[in-house]
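What follows is each chain in one-letter form.
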Amino acid sequence: MNPAKDTSPGEDPRPAAGADRGTGAGPAPVLLEMRSITKTFPGVTALADVNLAVRTGEIHAICGENGAGKSTLMKVLSGVHPHGTYSGEIVYRGEEVAFGDIRASENAGIVIIHQELALVPGMSITENVFLGNEPRRGGAIDWKRARQRVLELMEQVGLKEDPDAFVSDIGVGKQQLVEIAKAFAKDVKLLILDEPTAALNETDSRHLLDLLREFKRQGITSIMISHKLNEIAAVADSITILRDGRTIETLDVQDGGVDEDRIVRGMVGRELSGRFPDHESAIGEVFFEVRDWTVRHPVSAERLVCRNSGFTVRRGEIVGFAGLMGAGRTELAMSLFGRSYGVWEGGHVFKDGKEIQVKTVADAIKHGMAYVSEDRKAIGLNLLDDIKSSVVAAKLSKIVRRGVIDKVRERKVADEYRQSLRIKTPTVDEGVTKLSGGNQQKVVLAKWMFTDPDLLILDEPTRGIDVGAKYEIYGIIQRLADQGKGVIVISSELPELIGLCDRIYTVFEGTITGEVPRGEADPEVLMKQMTSTKKTATP
């Protein structure tokens, strides 16, 4: 394979992956080569003649828009899609391999960590790390040996927890480390991480990237799929770009000239002049207001997740909410949307100057509210449904005639949203599970747009989706605001909030600590208010 490379000269060239820095040694040998991989599903070609070469000891990133084939390629490699269901060759450690299932690839030292973590919440860290791989003595599980080994693995990945702690009691960032410890328990030689930092805060993301660098120093090879281009540019030695199921190019970072814009150009096949569509806001009067909103944690009654929160939204305005993970942004949104979270203690909601009652989700929808969850797969969608059923699910009354769903109307509505939101699918009869993350998110947006809301609350609307799909979703959000609707955007990505929102509220430990207009918003200002209980004056 001879993938194209960006050979633009750089001012700070780095050694090739696996090279002996400062000795002039050549590049490391190829550990993995995937040749002419083609994978089809009924009516869809997911991969078409894809090639990939990964050198020993490097961090190799795979980039592409949603639906480009990144995860499918890694499922082929790891045996999720077994040999015989695709065409092409996989050469690993100098020999052609044919994995019939994921256990076969793990036995060869290839371990994949999927974006949706495969952990059992009600089991301990030790039990999860060795699940299906338990050390045994005399036919029985040797828990003493397992616990001793898991302590070593936890130290190796930088996880400081009680090995007997339940996975449900630790944060997402630590759960990611449990998955990595689980991989190391299987003697990993090639570690594949699919969107490893998608659900992590900045601190946990930084720790994970540092961990990948440490693994590299230990000679462990990593393949990383990510939409966070700044992270890829920071840690990757090589970057392979896929588009529409085909290999576009492989960039060697040591050659220089590889920045986020260069990666974007390869991913989307065109220049994006900016990460956000041009937009002129037309902001009207305040139409939605929350006062003194207080909510207790559903289990820990002594803990307030919302403390006397208050904010306003104007028509045509995009309002951001910034905060570190656990600050209470999602809890605030869900509790407002029909008290879907926590125990309500008090507070008032006003719409167009009149107080409204939103005690149930049905109340919230009736009063023109919509909520797009941060977890589209667990809450936003029914994964057993097709697209047309999903689009109309939040307000079936609009397509019911004499108590029966009008199937013709259902299909027409779904097709209209498929076209207007550019949902990539041959038919609205397709199951939502077959869609890429970005297209699933568009289906969720369509579902709530169908209710014709006045206020949309979007919780992490672009999590886990690529830069091209993000650009499209930003455009959708702006068009909704232009229709006079109010839009609330909750995001962990400060550049997203700064680039998209007209105003940004900051949240810390359940308290709204500040309000920053677009012109004054920068990461330093926001971070200061996101880490302090001291409220700042409203501009």
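Definitions and cut-offs
Residues numbered from 1 in each chain as written. Predicted model: local features only at pLDDT ≥ 70, side-chain atom pairs only at ≥ 80, totals over all residues. Heavy atoms only, no water. UniProt positions renumbered as here; feature names shortened; annotations may be inferred. Helix = DSSP H or I, 4+ residues; strand = E, 2+ residues; numbered from the N terminus. Rg over C-alpha atoms; globule rule 2.2 N^0.38 Å. Buried < 20%, exposed > 50% of the residue type's maximum accessible area, 1.4 Å probe, protein only. Contact = heavy atoms within 4.5 Å. Areas by Shrake-Rupley, 256 points an atom, 1.4 Å probe, with all protein chains shown as cover. Lys, Arg positive; Asp, Glu negative; His and termini not counted. Charge placed at Lys NZ, Arg CZ, Asp CG, Glu CD. Salt bridge = Lys/Arg side-chain N within 4 Å of Asp/Glu carboxyl O. Polar contact = N/O pair within 3.5 Å; in protein donor to acceptor, adjacent residues only side chain to side chain. Domains from an automatic or database assignment. Buried area = accessible area lost by both parts, 1.4 Å probe. Pairing = 2+ DSSP bridges.

- Taking an unreviewed UniProt entry as the reference, the protein chain is identified by name as Sugar ABC transporter ATP-binding protein belonging to Actinomadura darangshiensis.
- If you open the UniProt record of the protein chain and go to Subcellular location (unreviewed entry), you find "Cell membrane".

## Overview of the overall build of the protein chain
Stage number 1. Across its full length, the protein chain holds 17 helices and 24 strands.
Stage number 2. The globule rule puts the C-alpha radius of gyration for 539 residues at 24 Å, and the 24 Å found for the protein chain is close to it.
Stage number 3. In terms of overall dimensions, the protein chain has a C-alpha envelope of 70 × 55 × 50 Å along the principal axes.
Stage number 4. Looking at the 539 residues of the protein chain, the share that counts as buried comes to 53%.
Stage number 5. Considering only intrachain contacts with a sequence separation of at least 6, the fraction spanning at least 24 residues in the protein chain is 67%.
Stage number 6. Only carbon and sulfur atoms are counted for the fraction: they give 47% of the accessible area of the protein chain, which is about 23900 Å².
Stage number 7. Charge centroids of the protein chain, computed over 70 positive and 78 negative side chains, lie 4 Å from each other.

## Digging into the pattern of salt bridges
Stage number 1. In the structure shown here, the tally under the stated rule is 33 salt bridges.
Stage number 2. A salt bridge links Arg 35 to Glu 89, with the shortest nitrogen-to-oxygen separation between them at 3.4 Å. Taken together, the residues Arg 35 in strand 1 (residues 30-41) and Glu 89 in strand 4 (residues 87-92) connect sequence positions 54 residues apart.
Stage number 3. Judged by its relative accessible area of 32%, Glu 89 is partly exposed.
Stage number 4. Within the structure, one salt-bridge network assembled from shared partners comprises Arg 314, Glu 317, Arg 503 and Glu 515.

## Some remarks on helix 8 (residues 260-268)
Stage number 1. Taken residue by residue, helix 8 has Arg 262, Ile 263, Val 264, Gly 266, Met 267 and Val 268 as its buried positions.
Stage number 2. Among the residues of helix 8, the N-terminal cap falls to Asp 259, whose side-chain oxygen and the backbone nitrogen of Arg 262 are separated by 2.9 Å.
Stage number 3. Looking at the residues trailing helix 8, positive phi occurs at Gly 269, about 75°.

## Examining the domain arrangement of the protein chain
Stage number 1. As assigned here, the protein chain comprises domain 1 (30-268), domain 2 (275-368 + 453-538) and domain 3 (383-450).
Stage number 2. Contact with domain 1, which involves 16 residues of that partner, is made by twelve residues of domain 2.
Stage number 3. Across the domain 1 to domain 2 interface the summed buried area is about 1100 Å²; carbon plus sulfur atoms make up 54%.
Stage number 4. The tally of links from domain 1 across to domain 2 stands at zero salt bridges.
Stage number 5. Summed over the shared surface of domain 1 and domain 2, the result is zero residue pairs in polar contact (both at pLDDT 80 or more).

## Focus: the pairing of strand 13 (residues 286-296)
Stage number 1. Two strands pair when backbone bridges link them, and strand 13 and strand 14 (residues 304-314) are joined in this way by seven bridges, in the antiparallel orientation. Across the sheet, the residue bridging to Val 295 is Cys 306, located in strand 14.
Stage number 2. Bridging between strand 13 and strand 16 (residues 343-351) involves seven bridges; their strand directions are antiparallel. Directly across from Arg 296, in strand 16, lies its bridge partner Val 343.

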